[in-house]
Structures are given as structure tokens and as C-alpha cells.
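Here is what each chain is made of, one letter per residue.
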Amino acid sequence: NFKIVVYGTPAEETTCEKVRMVNEGCFKDIDVALMFHANPTTSYDNDSMAMTSFIVTFHGKSSHAAIQPESGRSALDALILSFQGIEFMREHVKDDTRMHYTVLDAGGPANAVPAIAKGSFILRSYNRAYLDKLEERFKKIIDGAALMTETTYDIEVEKKLDNRIGVPPLNELLMENAREVGAPRIEPPRAKNGSSDFGNVMYTLPGACLRVAFVPEGTSSHTDAFREAGKTEDAHKAEILAAKILAATGMDLITVPENLEKVKEKFKEIKTGLQSVN
């Protein structure tokens, strides 16, 4: 006996609802998760970057910057020092690490010591286990910036996305079926990827994200041109092709038990290797 389960997964780009779904027990009733995404080429996502984003708010003490600066404690100084700390740390992280930051609230005019300053920080790596360790180093930077400026702070975890774990036997089945149905512009997967809440699913169980071409080559995601391409007949044809590819891949897993066993074993092997990285 077997069953096909269809999950609706809203708000990928905003509140990342697949994360909530994983945390609340969804996907535990399936062995393999398959999804489809539009793309300029037909391929698959082999991996993605784990990501944790933070909102950090420093709290200082306001004073007049000219008349009584000694009475103030600058929250903005703390925020700027935290940026500088990340720059010093940047030399001492793995090559695939990405760290971003920006000012959300600088605290007010230049002639007043700012009592509050708020920043947004994003840390990324292709390895969730490594990123967890990096987060602890990041928190020490924030703590140090507050210590140097005699301020306090609040840290809010905004998003926490896991990296996708690409499983070669599963991706090979996808591409075999893509060639079988004549999907256009088949190419190797992208060498670099961003972050996605599907990573939290693929970090939990074997999964694959199929991409089927229908947008013009060179078109970037999340643009007006990409949106308009989604209204075309080519987009409809791509959906039909994607359905055939996913259905055929599902049949390959169901009718040939060895395929599913290989996928599960390889997933476990790769995840164990990722978790053991220092």
C-alpha cells in the first residue's frame, strides 16, 4: 500500500510557513518530499544555504551630544561596533559563509546621543551544524559591543532556515524522467543558491526541488518579467511537464523498492557527514 500526500505550503518568501509546518509535525507521514519551481532552465536544487536572521536592538542613554556627551551611552556606537566585529570575524569563517547587516533605526539626529539603535543581521552557510556554531560567535560580538559601550540589547531570531540536503539518487531519477518527457533546456544545477524554507523539509527527510524551464533565459526570480512569464502558455505546459516528472519519479520510488532504499540511505549518510563538520 502507498499514498500520495499533497501539502499546501504558503508564504515561502515572507513567514516561511514550511518551517512552522515541520515544527508542528507535518511531513512525518511521507518518505520523500517532491516539489516544483519555475526556472529559466530545467534542473534541480542540489543544495541551499542554511540561514538565520536576527533583529538586534541596542538600548543606551540619550544626552545632548555637545553640552553633556559624557552622560550619554550611544546605542548607535554599539550597533556600529557589532558591524565592525562581523568584519573582523569574516576572515576566520569557512569560505561558503555569508554574513549581511544593515541599519534599521539609527536612533535620531546627530546632535543627540542615540538611546536606541536597531539592526538586521543575516548569517548563512551550506551547513546548518556549522551555522549553529557561527551563531554563538555572532552573539559574543553583540555582547562585546554592548560591553564596550555600556549599553544593553535584545536579540530576536527572525528566521531560521536549514540547508537543503541534495540526494544524488533522487535527483538522478528526476532528471531521467525530465529527459523522458522532453523537458526543455536541461542543464546542471546552479553552483550557488540562496535560502529556502524547503530546506527545513529536506533537512528532515529526503526531498528534491525540480525546476522546469518556461521563463526566458537570463530572467531573474522575483521580477516583473518572471511574473509575466507565469501567465503564458509556456508556463501552463511547464506545469504539465512538472506533474509528469514528479508522478513518474514517485512511481519509480514505489514500484522499485531499491530506489527508495538508496535514497534513504544516501540521505542519512550525507546528513551524518554534514553534522560532523567542525
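Computed from a prediction, not measured in an experiment: that's the story for all the values here.

A.B. asks: Tell me about the sheet that holds strand β8 (residues 152-161), and please be specific about residues and values.
C.D. replies: With antiparallel pairing, four strands are arranged side by side in an open sheet as β5-β7-β3-β8. Each of the sheet's edge strands pairs with one partner strand only, and the pair in question is β5 (98-105) and β8. Strand-to-strand twist in this sheet, taken as the mean axis angle between neighbours without regard to direction, amounts to 20 degrees. Relative to strand β7 (residues 116-125), β5 runs antiparallel, the two sharing seven bridges. Bridging from a neighbouring strand, tyrosine 101 pairs with phenylalanine 121 of β7. Packed on one face of the sheet, helix α3 (residues 128-149) meets β3 (50-59), β5, β7 and β8 and runs near 10 degrees to β3.

A.B. asks: Can you explain a nonpolar patch on the surface? Please cite residues and give values.
C.D. replies: Among the surface-exposed residues, Phe2, Ile4, Val6, Met251 and Ile254 lie close enough to one another that they form a single nonpolar patch of about 560 Å² accessible area. In this fold, phenylalanine 2 is placed in the segment before α1 (17-23).

A.B. asks: Account for the sheet that holds strand β1 (residues 33-39), naming residues and giving values.
C.D. replies: Strand order in the open sheet formed by three strands is β1-β9-β2, and the pairing between neighbours is mixed. Of all the strands in the sheet, the pair left with one neighbour each is β1 and β2 (43-44). Running at roughly 30 degrees to strand β9 (residues 207-213), helix α4 (residues 168-180) makes contact with β1, β2 and β9 of the sheet.

A.B. asks: Break down the packing of aromatic side chains for me, with residues and values.
C.D. replies: If you walk through the whole model with that rule in mind, you get six aromatic pairs. Joined through ring pairs, the aromatic side chains of Phe54, Phe83, Tyr101, Phe121 and Phe138 make up one cluster. The lysine or arginine in question, lysine 94, covers the ring of tyrosine 130, its NZ or CZ lying 5.3 Å from the ring centre.

A.B. asks: Can you break down the pairing of β3 residue by residue, with the values?
C.D. replies: Counting buried positions along β3 yields nine of ten residues, so the element is predominantly enclosed. Two elements, β3 and β7, share ten bridges in a ladder whose sense is antiparallel. Within β7, the position partnered with phenylalanine 58 by the bridge is alanine 117.

A.B. asks: Tell me about helix α8 (residues 257-275), and please be specific about residues and values.
C.D. replies: Each full turn of the α-helix corresponds to 3.6 residues, which orients residues three or four apart in the same direction. Taking 1.5 Å per residue as the helical rise, α8 with its 19 residues ought to reach 27 Å, and the 27 Å between its terminal C-alpha atoms agrees with that figure. Of the surrounding secondary structure, the elements contacted by the buried residues of α8 are α3, α4, α5 (198-202) and α7 (233-255).

A.B. asks: Talk me through the environment of lysine 237; I want residue IDs and the actual numbers.
C.D. replies: Examined against the element boundaries, lysine 237 turns out to sit in helix α7. Overall, the relative accessible area of 48% leaves lysine 237 in the partly exposed class. In this structure, the C-alpha to C-alpha distance between lysine 237 and phenylalanine 214, residues 23 residues apart in sequence, is 8.2 Å.

A.B. asks: Go over the pattern of salt bridges, please, and point to the residues and values.
C.D. replies: Pairs can form between side chains of opposite charge whenever their charged atoms are close. A full pass over the atoms with the stated rule returns 19 salt bridges. Measuring nitrogen to oxygen at the nearest pair gives 2.9 Å for the salt bridge that ties glutamate 135 to arginine 128. Assessed through its relative accessible area of 3%, arginine 128 is described here as buried. One network of salt bridges, with partners in common, ties together Arg128, Asp132, Glu135, Lys160 and Asp162.

A.B. asks: If you had to explain unusual backbone geometry to someone new, which residues and values would you point to?
C.D. replies: Phi angles above zero are rare outside glycine, and alanine 11 is one such case at about 60 degrees. Looking at the secondary structure, you find alanine 11 in the segment before α1. Its identity as a non-glycine residue notwithstanding, cysteine 16 has a phi of 50 degrees, on the positive side. Among the secondary structure elements, cysteine 16 is positioned in the segment before α1. Taking relative accessible area as the criterion, cysteine 16 reaches 5% and is therefore assigned buried.

A.B. asks: Tell me what's going on with the nonpolar core, and back it up with residues and numbers.
C.D. replies: Counting 30 residues, the largest nonpolar core has Leu170, Leu174, Leu210, Val212, Phe214 and Ile245 as the members making the most contacts within it. Counting residues per element, the ones that place at least two in this core are α4, β9, α6 (224-229), α7 and α8. The element contributing the most residues to this core is α7, with seven residues. Within the second largest apolar cluster, 23 residues are counted, among which are Phe58, Ala117, Phe121 and Ile141.

A.B. asks: Go over α4 with me, naming the residues and quoting the values.
C.D. replies: Between its first and last C-alpha, α4 extends 18 Å over 13 residues, near the 18 Å set by a 1.5 Å rise per residue. Three or more residues of α4 are buried, namely Leu170, Asn171, Leu173, Leu174, Met175, Asn177 and Ala178. In this structure, the buried side of α4 is in contact with β1, β2, β9, α7 and α8. Downstream of α4 by a residue or two, glycine 182 has a phi angle that is positive, lying close to 75 degrees.

Conventions adopted
Residues numbered from 1 in each chain as written. Predicted model: local features only at pLDDT ≥ 70, side-chain atom pairs only at ≥ 80, totals over all residues. Heavy atoms only, no water. Pairing = 2+ DSSP bridges. Helix = DSSP H or I, 4+ residues; strand = E, 2+ residues; numbered from the N terminus. Axes fitted to C-alpha atoms, helices over the stretch in contact; angles between N-to-C directions. Contact = heavy atoms within 4.5 Å. Patch = residues over 30% accessible without salt bridge, like charges linked within 9 Å, V, L, I, M, F, W, Y side chains within 5 Å. Areas by Shrake-Rupley, 256 points an atom, 1.4 Å probe, with all protein chains shown as cover. Salt bridge = Lys/Arg side-chain N within 4 Å of Asp/Glu carboxyl O. Phe/Tyr/Trp six-rings, centres within 6.5 Å; stacked < 30°, edge-to-face > 60°. Lys NZ or Arg CZ within 6 Å of the ring centre and 35° of its normal. Buried < 20%, exposed > 50% of the residue type's maximum accessible area, 1.4 Å probe, protein only. Expected span 1.5 Å × (residues − 1). Core = buried A, V, L, I, M, F, W, Y, C linked by side-chain atoms within 4.5 Å.

Taken by themselves, the reported measurements are silent on function.
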